[in-house]
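Chain by chain, the residues run as shown.
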Amino acid sequence: MAPYFDCLPQRMATFPIFYRPEVQQQLQYPMIETEIQARLQFIYELVEGPFQEQLPPEHPLRQSGAELFAWCFSIVSSRGLRLTPPYEAALIPGVDLCNHSARPNCTVEIVQDEEFNRLEKFRLRATQPIASGEELLLKYGDFSNDTLLPDYGFVLPPEVTGCETVSVGLSQQLLMSAGSPLILLQAGEVARQNKWLGSNQFLPGEMSPPRRIEDWHVQKLVDIGLLPGVLGGDDLVVELGGNQNEGIPAELLAAVRVISAIAPEDVPGSTCEEVASNPLSDKRLEAKALGMILGVVQCGLSSFPSTYEDDEQYLQPGADQIGPSMETAIRYRMYKKKSLLLVGEAICKRLVQGGLLVD
């Protein structure tokens, strides 16, 4: 096994459990920071607790403690192949040297001993012709960067993962902010700078006072199951982004359509799914609803201390040298913002194609 162990990386700098505090802060996303802290706590409690007491005094883990265990933890998480039931995961020396790709040229097959109903062996099978010297690539799974970063130590653009999202608490405060002229003006500027809109095209609501949430809006939101999340109690958390429905969660689309409606009869349906599936019949009101989603996107972008353009500058060739851990952290937050920008672009296309913009 010595040649195999010689292939393993000695340093895991891009894995966030090894980040220095100042690097971890650069992720700028509370959910991943919470996950990192949970993993660190698990490692320290395991190493310092009963697990440590069961090891012989000369055992390497007893000598080196949490740092060595964290290395082992990262090796297993990054090289353990996810399999189909009843086999959840496996470490397969040699096969685990294959890198990840969204367009793999290999797959792992499980060969079962039917007579004894047990695992016999694994087989690495090519799924297309592979030239001599060409890299063997596997698809680890349909994972977002929230899994790829802590488990594998790398991140990919949202266009590649296809499932990158940003968690948003669907609260009254968020919806009121998203419909305000100030936020919509900022969203409109982003859209025009990115050329999703023409220089003379404006979002509905950029120049008008925000809508009031009236009692019937509240009751309708209760009726379609979006309360207490939207207007009281714990926030309803939705995932904005990904490749489903242009990255717009049904709960958010239903909520903004209800709030944009003038009267109950304007709302197209009696369930969240029905309201999300059917546009408001009045195009002006539908435009306001879509504009509010752009406002939510803008609120999401504003929640990051840095901008997408800042991140691009940090990563420019010739910029100040940054280490691999800092670069990975910056790419992680940049790809979160890019997933929001892709939602904004999709909304603008819908507004333009539907003739719903203000010129």
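Residues numbered from 1 in each chain as written. Predicted model: local features only at pLDDT ≥ 70, side-chain atom pairs only at ≥ 80, totals over all residues. Heavy atoms only, no water.

A. Representation of the overall build of the chain. Along the chain, the regular secondary structure elements total 16 helices and 8 strands. Taken across its 359 residues, the chain has 45% of its residues classed as buried. Expressed as a percentage of contacts within the chain between residues at least 6 apart in sequence, the contacts between residues at least 24 apart total 65%. Taken as a whole, the chain presents about 19100 Å² of accessible surface, with 52% of it coming from carbon and sulfur. (Helix = DSSP H or I, 4+ residues; strand = E, 2+ residues; numbered from the N terminus. Buried < 20%, exposed > 50% of the residue type's maximum accessible area, 1.4 Å probe, protein only. Contact = heavy atoms within 4.5 Å. Areas by Shrake-Rupley, 256 points an atom, 1.4 Å probe, with all protein chains shown as cover.)

B. Layout of helix H7 (residues 145-152). The buried count for H7 comes to 6 of 8 residues, which makes it a mostly enclosed element. Considered for burial, the residues of H7 that qualify are Asn145, Leu148, Leu149, Pro150, Asp151 and Tyr152. Tucked into the core, H7 has its buried residues touching helix H3 (30-48), helix H6 (66-79), strand E1 (80-82), helix H8 (158-161) and helix H16 (324-353). Downstream of H7 by one or two residues, Gly153 has phi in the positive range, about 80°.

C. Examining helix H11 (residues 215-223) more closely. Of all the residues in H11, the buried ones are Trp216, His217, Lys220 and Leu221. Along the axis of H11, the buried positions cluster into a sector of 140°, meaning they face one direction only. Considering only its buried residues, H11 is in contact with helix H12 (250-260). Just downstream of H11, Gly225 is the residue with a positive phi angle, here 85°. (Arc of directions from axis to C-beta.)

D. Here's a closer look at the confidence of the model for the chain. Averaged over every residue, the pLDDT of the chain is 87; residues scoring 70 or more account for 89%. Mean pLDDT in the chain bottoms out at helix H5 (residues 60-64), which sits at 59, and peaks at H7, which reaches 96. (pLDDT = per-residue confidence, 0-100.)

E. Molecular detail of the packing of aromatic side chains. Counted by the stated rule, this structure contains 5 aromatic pairs. A centroid spacing of 4.8 Å and a plane angle of 25° characterise the contact between Tyr140 and Tyr152, whose relative ring orientation is stacked. Within this pair, whereas Tyr140 is found in the loop between strand E6 (137-138) and H7, its partner Tyr152 is found in helix H7, the two being separated by 12 residues in sequence. Summarising the burial analysis for this pair, Tyr140 and Tyr152 share the class buried. Residues Phe143 and Tyr152 carry aromatic rings whose centres are separated by 6.2 Å and whose planes lie at 25° to one another, so their mutual orientation is stacked. Across the pair, Tyr152 and Phe143 agree in class, each one buried. (Phe/Tyr/Trp six-rings, centres within 6.5 Å; stacked < 30°, edge-to-face > 60°.)

F. A look at the packing of H3 against H6. For the pair H3 and H6, interaxial distance at closest approach is 10 Å and the crossing angle is 125°. Relative to H6, the element H3 is oriented oblique. For the pair H3 and H6, the crossing hand works out as right-handed. Residues Arg39, Phe42, Ile43, Tyr44, Leu46 and Val47 of H3 pack against Ala66, Phe69, Ala70 and Phe73 of H6. Looking at the contact of H3 with H6 residue by residue, the class counts come to 9 nonpolar, no polar and 1 charged. (Axes fitted to C-alpha atoms, helices over the stretch in contact; angles between N-to-C directions. Parallel < 35°, antiparallel > 145°, perpendicular 65-115°, else oblique. Left-handed = near helix turned anticlockwise from the far one by under 90°. Nonpolar A, V, L, I, M, F, W, Y, C, P; charged D, E, K, R; others polar.)

G. Representation of the pattern of salt bridges within the structure. Tallying each qualifying case throughout the model produces 17 salt bridges. Residue Glu109 is joined to Arg125 by a salt bridge in which the shortest nitrogen-to-oxygen separation is 2.4 Å. Taken together, the residues span a long stretch of sequence, with Glu109 in strand E4 (residues 106-113) and Arg125 in strand E5 (residues 118-126) at a distance of 16 residues. On the basis of relative accessible area, Arg125 is assigned to the partly exposed category, the value being 37%. The shortest N-O distance in the salt bridge between Arg284 and Asp282 comes to 3.2 Å. Here the salt bridges do not stand alone but share partners, grouping Glu35, Arg39 and Asp151 into one network. (Salt bridge = Lys/Arg side-chain N within 4 Å of Asp/Glu carboxyl O.)

H. Seen up close, the side chain of Ser306. Mapped onto the secondary structure, Ser306 falls in the loop between helix H14 (283-302) and helix H15 (308-314). A polar atom in the side chain of Ser306 sits 2.8 Å from the side chain of Gln28. (Polar contact = N/O pair within 3.5 Å; in protein donor to acceptor, adjacent residues only side chain to side chain.)

I. Expanded view of unusual backbone geometry. Despite not being glycine, Asn245 has its phi angle at roughly 50°, a positive value. Among the structural elements, Asn245 can be located in the loop between strand E8 (236-241) and H12. In this structure, Glu246 is a non-glycine residue whose phi angle is positive, near 60°. Within the secondary structure layout, Glu246 lies in the loop between E8 and H12.

J. Seen up close, the side chain of Thr165. On the secondary structure map, Thr165 appears in strand E7 (residues 165-170). On the accessibility criterion, Thr165 (15% relative accessible area) is buried. Polar side-chain contacts of Thr165 include one of 2.8 Å to the side chain of Glu239. Those residues in contact with Thr165, other than ones at most four positions away along the chain, are Tyr29, Asp146, Glu239, Leu240, Gly241, Gly242, Lys336 and Ser339.

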